[in-house]
There are 2 protein chains.
Amino acid sequence: MYYIGVDLGGTNIAVGLVSKEGNLLYKHSVKTEREKPHEAVIKNIVEACKTLLSSNNIKVEDIEYIGIGLPGTCNSEKGIIEYAPNINFKNVNIRKEMKKYFDHPIYIDNDANCAALGESIAGSAKDYDSSITVTLGTGIGGGVIVGKKIVTGAFGGAGEIGHQIIKAGGELCGCGNRGCFEAYASATALIRESKIAAIKNPNTKILELANNDINLIDPKIVFAALDDGDIVAKEVIDNYLYFLAVGLGSLINILQPDVIVIGGGVSKQEDNLINPLKELVRENVLGKALKTEIKVAKLGNDAGIIGAGMLKA
Amino acid sequence: MYYIGVDLGGTNIAVGLVSKEGNLLYKHSVKTEREKPHEAVIKNIVEACKTLLSSNNIKVEDIEYIGIGLPGTCNSEKGIIEYAPNINFKNVNIRKEMKKYFDHPIYIDNDANCAALGESIAGSAKDYDSSITVTLGTGIGGGVIVGKKIVTGAFGGAGEIGHQIIKAGGELCGCGNRGCFEAYASATALIRESKIAAIKNPNTKILELANNDINLIDPKIVFAALDDGDIVAKEVIDNYLYFLAVGLGSLINILQPDVIVIGGGVSKQEDNLINPLKELVRENVLGKALKTEIKVAKLGNDAGIIGAGMLKA
């Protein structure tokens, strides 16, 4: 018996065949076509699953259930996607829709929670009971794992660690509140602060590497400028790491997981990020007793597929 | 069969006989005598347990285990109190010491975690699967309950919610860090801000109710001044509630428990605290979708005894 894991994204739908042990055996991907009505998107999920099975000679009877990770809020119990703006879903009973095509149990959860579960089962948190996976991207996604299970929250809304408030009254966040972790430690925040610094310091290497076009600045460029010894880049990144460490330290004080796993594009900067980060996080942990490990995510986009596949394993 | 729950405090040791259902049947209390060596304090625990049993005609064979809540950090697995400054314990193997007097399994955990478990089993969170108990006192104590169990953290250090950072670089906290929840929303923080306000506004009712002695200001006086229509008190309390709501909203975004239970002296101000707080917390919850309930703690000091007694129930 196998599980199917579905990572329903704004651009692509990635599906995978997951073994009972959490190994991703095969995968397949199709376009989401989010501009179409939700029935069409769901049809795309169904077709992707069917192709996954047929092209690998797996019988539909060998599938125990289908797990779906989605970019939004959901009621896992009822199988309803409450609000997922990236795919234009609002109060869609995806379980009921999927049941038109499959007899199998359909389980759903937030995609960041699925990614955290994936890292816990097959990735950087594999050897640990408790973990928090933090994905530094356009926003900050997150999932809390205790006892190898997702902490879903009473109504499926837990794990929104990007919206823990680390500076009351501070920077405006995309959510409308002020001072969220995401407003300081997402890739978007890093780019925002880099642009401000580049305007103030037009001689910075950041701008040179961006072909003097401020709109081309991205985290990779800022870290490259740091590697080139640019002091403006150093100041921006030091400041970024300071806030990242505040948020991670705060999470450790609340939950003290065995490990914090950092994913997303920024996490590729291991030397410039993870190593200095450990010392900075320690400063924010009660009694400076940092026992939680900090690691880079291992599975990339596969984490979400594996986690969705293992939702009820 | 029964459990014994021990609340080991800086002043008193309270012990109780707890039924399998989590009912506190009998209790007894003795002085801690923390000025004496730790062996003497442990002897006091033992004597209190023995008196509890003998005065209620309970046989020692009818006790399944003894659970102890302590004011500090501990290694629950090994039964070691690592650091508890209030009782002058440092790296004391309390399990080994207690075993000199009792044959029973000895379990230990932090007292705030025990109080959270007590409220979850027999108090305001009784009907809920997940809860966070927040005690507003000299500091802010806390415990996180998921699935009716304490989230202890990988090394017994979870639940330090008073040290989540809500304003990076802000007020200095007793822990040495800046911007902790405790530095803004503890009773100590309320008193500090009230004193500052009273110095600036010597005509405030706060000062009158404190017999014009700034050192007599306490939360009760500040809330009484508010009830009398004092605008200085209103400003201080509005500000206090703002930060309290930031911290609670932040916790909800991370963990979305069914209920947040608020204990400690300040929580007695139900009309002035809990009711306005709900609306303020909502402002800090992602999407303003507040589903978590907010309630006042029910068990007072008994929560810690019951929780200690139920540690392995």
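Here, every reference points to the structure presented above.
Anyway, here's the lowdown on the structure attached to this text.

1. A look at the relation of the copies chain B and chain A
- Turning chain B through 180° and shifting it by 0.1 Å along the axis lays it on chain A, with an RMSD of 0.1 Å. Both chain copies can therefore be described as sitting about a two-fold axis.
- A share of 100% of the interface residues of chain B reappears at the interface of chain A, consistent with the copies meeting face to face through the same patch.

2. Topic: helix 1 (residues 38–54) of chain B
Residues and elements named next belong to chain B.
- If you check helix 1, its first and last C-alpha atoms are 24 Å apart, about what 17 residues at 1.5 Å a residue would give, namely 24 Å.
- Taken together, the buried positions of helix 1 are occupied by Val41, Ile42, Asn44, Ile45, Val46, Ala48, Cys49, Leu52 and Leu53.
- For helix 1, the elements touching its buried residues are strand 1 (2–8), strand 2 (12–18), strand 3 (24–31), strand 4 (63–70), strand 7 (89–93) and helix 2 (94–99).

3. Here we look at the side chain of B:Glu119
Residue and element names in this part refer to chain B.
- Considering the arrangement of structural elements, one finds glutamate 119 in helix 3 (residues 111–122).
- Lysine 298 is the oppositely charged side chain nearest to the buried, salt-bridge-free glutamate 119, at an N-O distance of 7.2 Å.
- Contact partners of glutamate 119, with chain neighbours within four places excluded, come to Ser124, Ala125, Lys126, Thr133, Val261, Ala297, Lys298, Leu299, Gly300 and Ala303.

4. Thoughts on the pairing of strand 6 (residues 80–84) of chain A
Residues and elements named next belong to chain A.
- With three bridges joining them, strand 5 (residues 73–75) and strand 6 adopt antiparallel strand pairing. Within strand 6, the residue paired with threonine 73 across the bridge is tyrosine 83.
- Between strand 5 and the antiparallel strand that follows it, strand 6, lie four residues; glycine 79 among them carries a positive phi value of about 75°.
- Here strand 6 pairs with strand 7 (residues 89–93) via four bridges, running antiparallel. Within strand 7, the residue paired with tyrosine 83 across the bridge is lysine 90.

5. Looking at the sheet that holds strand 1 of chain B
Residues and elements named next belong to chain B.
- Strand order in the open sheet made by the five strands is 3-2-1-4-8, with mixed pairing throughout. Each edge of the open sheet is held by one strand with a lone partner, namely strand 3 and strand 8 (106–110). The average undirected angle you get between the axes of adjacent strands in this sheet is 20°.
- Bridge count for strand 4 against strand 8 is five bridges, and the pairing is parallel. Each residue of the ladder has a partner; that of leucine 70, found in strand 8, is asparagine 110.
- Where helix 3 meets the sheet, it contacts strand 1, strand 4 and strand 8, and its direction lies at approximately 100° from that of strand 8.
- Helix-sheet contacts for helix 10 (residues 302–309) involve strand 1, strand 2, strand 3 and strand 4, and the interaxial angle to strand 1 is about 130°.

6. Section: the side chain of A:His163
- Tracing the backbone through its elements, the reader meets A:His163 in the loop between strand 11 (149–150) and helix 4 (182–185).
- Within the local environment of A:His163, its side chain forms a polar contact with the side chain of A:Glu182, the two groups lying 3.5 Å apart.
- Among all residues touching A:His163, those that are not within four sequence positions of it are A:Cys173, A:Cys175, A:Cys180, A:Glu182, B:Asn253 and B:Leu286.

Parameters and conventions
- Residues numbered from 1 in each chain as written.
- Chains lettered and ligands numbered in written order.
- Predicted model: local features only at pLDDT ≥ 70, side-chain atom pairs only at ≥ 80, totals over all residues.
- Heavy atoms only, no water.
- Least-squares fit on C-alpha atoms with pLDDT ≥ 70 in both.
- Contact = heavy atoms within 4.5 Å.
- Helix = DSSP H or I, 4+ residues; strand = E, 2+ residues; numbered from the N terminus.
- Expected span 1.5 Å × (residues − 1).
- Buried < 20%, exposed > 50% of the residue type's maximum accessible area, 1.4 Å probe, protein only.
- Lys, Arg positive; Asp, Glu negative; His and termini not counted.
- Salt bridge = Lys/Arg side-chain N within 4 Å of Asp/Glu carboxyl O.
- Pairing = 2+ DSSP bridges.
- Axes fitted to C-alpha atoms, helices over the stretch in contact; angles between N-to-C directions.
- Polar contact = N/O pair within 3.5 Å; in protein donor to acceptor, adjacent residues only side chain to side chain.

From the geometry alone we can't say anything about function, so treat these as descriptive.
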